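Chain by chain, the residues run as shown.
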Amino acid sequence: AEGQEPAAPAAEPPPAPSGQRGWIISPAIDLLCVGGLSLLVLLPWVLLRRRITIGQIALLSVLINMPHFLASYVLLYRNKEQVLRYKLASIGVPLALLAYSVFAVASASHTNVHVANFAAFAGLYLAWHYTGQTWGMIATFGYLSGRPFDGLEGQLVRGGLRVLLVWHVCWFLYVGRAPFFPPWLQASIDQAYAILSVVAGASLVLGVVGFVRYARRVGHAPPLHVLVPWLALHVWYAYMALDPHPRALFWVQLGHALQYLIFPVRVEANRALDETRGHRVVRSLVFLALLVLAGLFFTYGLTAVLSWPAAATWGYRSGEAVPVVAFAFLNVHHYFVDSCIWKLSNPTVRKQLMAHVAPPTAPAAQAAPAA
C-alpha cells in the first residue's frame, strides 16, 4: 500500500487467472498511467527547455491532480461501513487537521509560521507518499503478471526507493530555504543535499540488482508495467535535481496522480460488473467527470468562500492564508487515507479492486496498489 509497505508473503500468491489477466484498465492505459505518459511528455519538455504557464498549471491541476485527491474521499466515505472501519482516517485525523487549520489561519494575521509549518509538513510527507506509491505499482503489476517479487527482491527495490525518500526530504528542505532557519542549519542542509545527491545513485544499483534477481528467477525480463513506475520515479527525481525549483514538483505530482487514478476508476467499474461493458465505461467516465467538477469547486469555490469569514474575523492576511491551509489539509489527509484504505489483505478492498481479475476469495496479493 502506498506509504505503508507490507511484508512479502512466505510463498508466492497464485498467478492471476486467465481472461482479463494482468491489468487494471487495459495494458496500454495502465502502461501510460503508471509512468509512460509522464516520460513521453516530461523528457521532451525538459530537453526543449519549455516553461509551464500559470494557466497550464491551473488547467492540469483541475483535470488530473484534484481528481486524484478527491477520489480517496469517495472510497473512504462511500458508506458507513468504510467510515467505521477506518475511524482514524475518516474522523480522528481530519478533526485534528481541522483544528490545526483553524489555528494556523487565525494566527496568520500576526505570524505565518504555523501556515508555513503546515505546508512544510505536507511537502515532507510527500516523500513517503511518492516512494510508497511507486513500490505499490511495482508489486501490484508483478502480482498481476503472475510472478510477484520474493522477499529479497522486494527488499532490494524498496531499499533503493527508501534512499530516494531521504533524498526527497533533503531536496524539499534545500529548495524551500525556510526563512526562519538559522544560517548554520541551512548550510548544513545544503551540504547534506550535495552528499545525498551522490548517494542517491545507490537507488539505481539496488533496484537493478533486485530486478536482475527477479529476471533470473522467473526466466524473463520484468514486465514493462513493473519497470516503468520505477524508471519514472528516477526520471522525476532527476528532473527535480536538475531544476531545483518548486515548479519541478508540479510535473511529478501530475505523473503521480495519473498513477493513482486508474485504481479508483477500476473500483468504480467493478461495482458495475453485473452490467454490460458499455455501462461500466460510462460509469467510469461519469465518475471521472464528477471528480473534475468537485476539484473545480474546491479550487475556485470553497477556498474563496472560506476566505471571506476568515478575513472578516481575523484580518485579510488570514483570508489569504485559507487556500494554502486548505490545500495542505487536503494533501496530508489524502496521504494518510491512502496508507489506510489500499490494503489487499482487506477482503472488501480485494473484491472491489480485483473482481475483474480473480474471484473475491482469491488470496491477498503481495502488496496493495498505491494511490
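Residues numbered from 1 in each chain as written. Predicted model: local features only at pLDDT ≥ 70, side-chain atom pairs only at ≥ 80, totals over all residues. Heavy atoms only, no water.

1. Points about the nonpolar core
Here is step 1: The biggest cluster of nonpolar side chains holds 94 residues, and the ones touching the most others in it are F141 and W342.
Here is step 2: When residues in this core are grouped by element, the largest group, 14 residues, is from helix α10 (residues 246–270). (Core = buried A, V, L, I, M, F, W, Y, C linked by side-chain atoms within 4.5 Å. Buried < 20%, exposed > 50% of the residue type's maximum accessible area, 1.4 Å probe, protein only. Helix = DSSP H or I, 4+ residues; strand = E, 2+ residues; numbered from the N terminus.)

2. Let's talk about the side chain of N65
Here is step 1: Counting through the fold element by element, N65 comes out in helix α2 (residues 54–76).
Here is step 2: In this structure N65 comes out as buried when scored by relative accessible area, which is 10%.
Here is step 3: Within the structure, N65 has its side chain in polar contact with the side chain of Q253 (distance 2.8 Å).
Here is step 4: In contact with N65, not counting residues within four places along its chain, are L60, Q253, L254 and A257. (Polar contact = N/O pair within 3.5 Å; in protein donor to acceptor, adjacent residues only side chain to side chain. Contact = heavy atoms within 4.5 Å.)

3. Quick look at the pattern of salt bridges
Here is step 1: Scanning all chains against the criterion turns up four salt bridges.
Here is step 2: Residues E268 and R78 are paired through a salt bridge, measuring 2.9 Å at the closest nitrogen-oxygen approach. Pair noted here: E268 is in helix α10 and R78 is in the loop between α2 and α3 (80–85), with a separation of 190 residues, a long-range link.
Here is step 3: Salt bridges here are not isolated pairs; linked through shared partners, they connect D150, E153 and R217. (Salt bridge = Lys/Arg side-chain N within 4 Å of Asp/Glu carboxyl O.)

4. Details of the side chain of H334
Here is step 1: Its location among the elements puts H334 in helix α12 (residues 316–341).
Here is step 2: For H334, a relative accessible area of 0% gives the class buried.
Here is step 3: Contacts of H334, omitting those with residues within four sequence positions, involve H68, F69, S72, H129 and Y260.

5. Describing the packing of aromatic side chains
Here is step 1: All told, the structure shown has 18 aromatic pairs when counted by the stated rule.
Here is step 2: Relative to Y77, the ring of Y73 lies with its centre 6.1 Å away and its plane at 5°, an arrangement referred to as stacked.
Here is step 3: Y77 gets classed as partly exposed once you look at its relative accessible area, which sits at 35%.
Here is step 4: With a centroid separation of 5.3 Å and 40° between ring planes, the pair formed by W167 and Y237 is classed as tilted. Of this pair, W167 sits in helix α6 (residues 151–176) while Y237 sits in helix α9 (residues 224–242), and the two are 70 residues apart along the sequence. For the pair formed by W167 and Y237, the shared burial category is buried. (Phe/Tyr/Trp six-rings, centres within 6.5 Å; stacked < 30°, edge-to-face > 60°.)

6. Thoughts on a nonpolar patch on the surface
Here is step 1: Nonpolar side chains collect at one region of the surface, where V282, V286, L290, L293, L296 and Y300 lie side by side and expose about 580 Å² of accessible area between them.
Here is step 2: Mapped onto the elements of the fold, V282 is located in helix α11 (residues 277–314). (Patch = residues over 30% accessible without salt bridge, like charges linked within 9 Å, V, L, I, M, F, W, Y side chains within 5 Å. Areas by Shrake-Rupley, 256 points an atom, 1.4 Å probe, with all protein chains shown as cover.)

7. What to know about the packing of helix α4 (residues 87–107) against α12
Here is step 1: Closest axis-to-axis distance for the α4/α12 pair is 10 Å, and the angle between their directions is 160°. The orientation of α4 with respect to α12, classified from their angle, is roughly antiparallel. In this structure, α4 meets α12 at a crossing whose hand is right-handed. Only S318, V322, V325, F329, V332, H333, F336, V337 and C340 of α12 make contact with α4, whose side of the interface consists of L88, A89, V93, P94, L97, L98, S101, A104, V105 and A106.
Here is step 2: Partitioning the contact of α4 with α12 into residue classes produces 16 nonpolar, three polar and no charged. (Axes fitted to C-alpha atoms, helices over the stretch in contact; angles between N-to-C directions. Parallel < 35°, antiparallel > 145°, perpendicular 65-115°, else oblique. Left-handed = near helix turned anticlockwise from the far one by under 90°. Nonpolar A, V, L, I, M, F, W, Y, C, P; charged D, E, K, R; others polar.)

Without other data, these values stay purely geometric and don't point to any function.
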